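Structure at a glance
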Amino acid sequence: MTELIIVDNEAKAGEIYARCVADLIARKPDAVLGLATGSSPLAAYQALAAIVKAEHIDVSRVRGFALDEYAGLDPAHPESYRSTITRTVVEPLGLTPELVHVPNGNLDTIMDAGREYDAAIEAAGGVDVQILGIGTDGHIGFNEPGSSLASGTRIKTLTRQTREDNARFFDGDINQVPTHCITQGIGTIMKARHLILLAFGEHKAEAIAQTVEGGISALWPASALQLHPHATVIVDAAAASRLRDADYYRWAYDNKPAWQSI
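Presented here is a report on the structure given in the accompanying data block. (Residues numbered from 1 in each chain as written. Predicted model: local features only at pLDDT ≥ 70, side-chain atom pairs only at ≥ 80, totals over all residues. Heavy atoms only, no water.)

1. A closer look at the sheet that holds strand S2 (residues 32-35)
- Across the sheet, which stays open at both edges, the seven strands sit in the order S1-S10-S9-S6-S2-S3-S5 with parallel pairing between neighbours. The outermost strands of the open sheet, each flanked by one partner alone, are strand S1 (2-7) and strand S5 (100-101).
- Of the strand pairs in this sheet, S2 and strand S6 (residues 129-132) are connected by two bridges, and their pairing is parallel. Each bridged residue has a counterpart across the sheet, and for Leu-33 the counterpart in S6 is Val-129.
- Set on the sheet, helix H7 (residues 205-213) makes contact with S1, strand S9 (194-199) and strand S10 (231-236); between it and S10 the angle comes to about 150 degrees. (Pairing = 2+ DSSP bridges. Helix = DSSP H or I, 4+ residues; strand = E, 2+ residues; numbered from the N terminus. Contact = heavy atoms within 4.5 Å. Axes fitted to C-alpha atoms, helices over the stretch in contact; angles between N-to-C directions.)

2. What to know about the environment of Leu-195
- Its location among the elements puts Leu-195 in strand S9.
- Between the alpha carbons of Leu-195 and Thr-232 there is a distance of 6.1 Å; along the sequence they are 37 residues apart.
- Non-local contacts of Leu-195, meaning those with residues more than four positions away in its chain, are made with Gln-130, Leu-132, Ile-189, Met-190, Leu-225, His-228, His-230, Ala-231 and Thr-232.

3. A closer look at unusual backbone geometry
- The backbone phi angle of His-56 is positive, close to 55 degrees, even though this residue is not glycine.
- Here His-56 lies in the loop between helix H2 (42-54) and strand S3 (63-66).
- The phi dihedral of Asp-171 is positive, around 60 degrees, even though this residue is not glycine.
- Structurally, Asp-171 can be placed in the loop between helix H5 (160-166) and strand S8 (180-183).

If you want it as structure tokens, here you go:
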């Protein structure tokens, strides 16, 4: 089932994610984390780094798998997802770099990269907690509208909307944003044991409403989360503004048993 949590701000959302993951690592020092880029997860990573430092949590054995990578972009490019994950996750948390994996966007080998990536996730025992952002069109990872809800990691063509949204990372120039990517598929993402999706701002409100309360459809890829046995969606009031049952979600979370984590 999907649990919907409405918070005051991104920092509070980050705290909820961080506590969940820190407790996981304490129980399972070699936990496998699913990692996302973009702006939505940043507060979550910052909060987790703070807990790791304050509580002296050993993260040396923690493993990670990123959701996606641009096709044909040099991994050393500052906006490659290899560079972004290193900058926002690996270094702040003190993870072992060799244990954190990003899909291989090298054009010479990309035809086999998806199959190999899914095999690597399976060999690691699967992802324990996958953090997700969501696009204004409902995509998760780079699974654009129309993506198969059973898809594995593969090459995708980015929509113009996604490239416009991501142009802010490329000096505002859409022409610098690659047109293709390699991304975990919806089917791959759904194999994670716990999904945590974060969304903030009114521009995400329609996507969140469709994801949580709409029909399950490839036109809104994130709606597949409704079929996951353990999915948590954490949003601010603006992103929750189009939810029909927002009052119920607030009441349910406020009355959550003290012993029950997300």
